[in-house]
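# Architecture at a glance
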Amino acid sequence: EGIYKIHNGWSKWILRNAMNNFLPDEIVWRRDKKGFPTPERKWMMRLKSEFILLMNENANELMEFFNPELLIADFDLIVKNHNIKSHFLWKIYNFIKWKKLYGI
């Protein structure tokens, strides 16, 4: 039998087996495993001026991917409205930083 990421209905099979001798069974074999939440909304509110500056500085090359002007105009609405997934602004912010860093 090989090692599987998912095995017999158990997710995170490799991780569970690796931690089996280090953590209690009630933790290792829980079925409700989740990733940990990150506070993207808070981060984006703190990074608002930098985000807007980055969008404006790189607007021409970003138009290929999205409308920077529209994202800037709707920034507060996106971040504050819990019905809108604000994490995509965090992804865009990181995309721009990555694009600049690697010159792509």
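From a predicted model like this one, the values you see are computed outputs, not experimental measurements. (Residues numbered from 1 in each chain as written. Predicted model: local features only at pLDDT ≥ 70, side-chain atom pairs only at ≥ 80, totals over all residues. Heavy atoms only, no water.)

Before going further, it helps to spend a moment on the environment of Ile27. Structurally, the position occupied by Ile27 is in helix 2 (residues 25-28). For the pair Ile27 and Tyr93, spaced 66 residues apart in sequence, the C-alpha separation works out to 35 Å. (Helix = DSSP H or I, 4+ residues; strand = E, 2+ residues; numbered from the N terminus.)

With that out of the way, let us pick up the environment of Glu69. With respect to the helices and strands, the residue Glu69 is situated in helix 6 (residues 68-73). In this structure Glu69 comes out as exposed when scored by relative accessible area, which is 67%. A sequence separation of 14 residues divides Glu69 from Met55, and the C-alpha atoms of the two residues are 7.9 Å apart. (Buried < 20%, exposed > 50% of the residue type's maximum accessible area, 1.4 Å probe, protein only.)

The next thing to look at is helix 4 (residues 48-57). Because each turn of an α-helix spans 3.6 residues, side chains separated by three or four positions in sequence point in the same direction. Taken together, the buried positions of helix 4 are Phe51, Leu54 and Met55. Relative to the axis of helix 4, the buried residues are bounded by an arc of 100 degrees and lie together on one face. Within helix 4, the exposed residues directed more than 90 degrees away from the buried face are Ser49, Leu53 and Glu57. Tucked inside the fold, the buried residues of helix 4 contact helix 3 (40-46), helix 5 (59-62), helix 6, helix 7 (75-80) and helix 8 (87-102). (Arc of directions from axis to C-beta. Contact = heavy atoms within 4.5 Å.)

The next point concerns the nonpolar core. Residues Phe51, Met55 and Leu89 are the most contacted members of the largest nonpolar core, which totals 15 residues. Here the element with the most residues in this core is helix 8; it accounts for four residues. Residues within four places of Leu89 in sequence aside, it is in contact with Met44, Phe51, Leu71, Phe75, Ile78 and Val79. (Core = buried A, V, L, I, M, F, W, Y, C linked by side-chain atoms within 4.5 Å.)

This paragraph deals with helix 8. Between the first and last C-alpha of helix 8 there are 22 Å, a value that for 16 residues agrees with the 22 Å anticipated at 1.5 Å per step. For helix 8, every residue scored as buried is listed here: Leu89, Ile92, Tyr93, Ile96 and Lys99. Summarising the axial view, the buried residues of helix 8 lie within an arc of 130 degrees, below the 170-degree limit, and thus occupy one face. Opposite the packed face of helix 8, turned more than 90 degrees from it, sit the exposed residues Lys91, Leu101 and Tyr102. Those residues of helix 8 that are buried lie in contact with helix 3, helix 4, helix 5, helix 6 and helix 7. Two residues or fewer after helix 8 comes Gly103, characterised by a positive phi angle close to 60 degrees. (Expected span 1.5 Å × (residues − 1).)

None of the figures reported here should be taken as evidence of function without further support.
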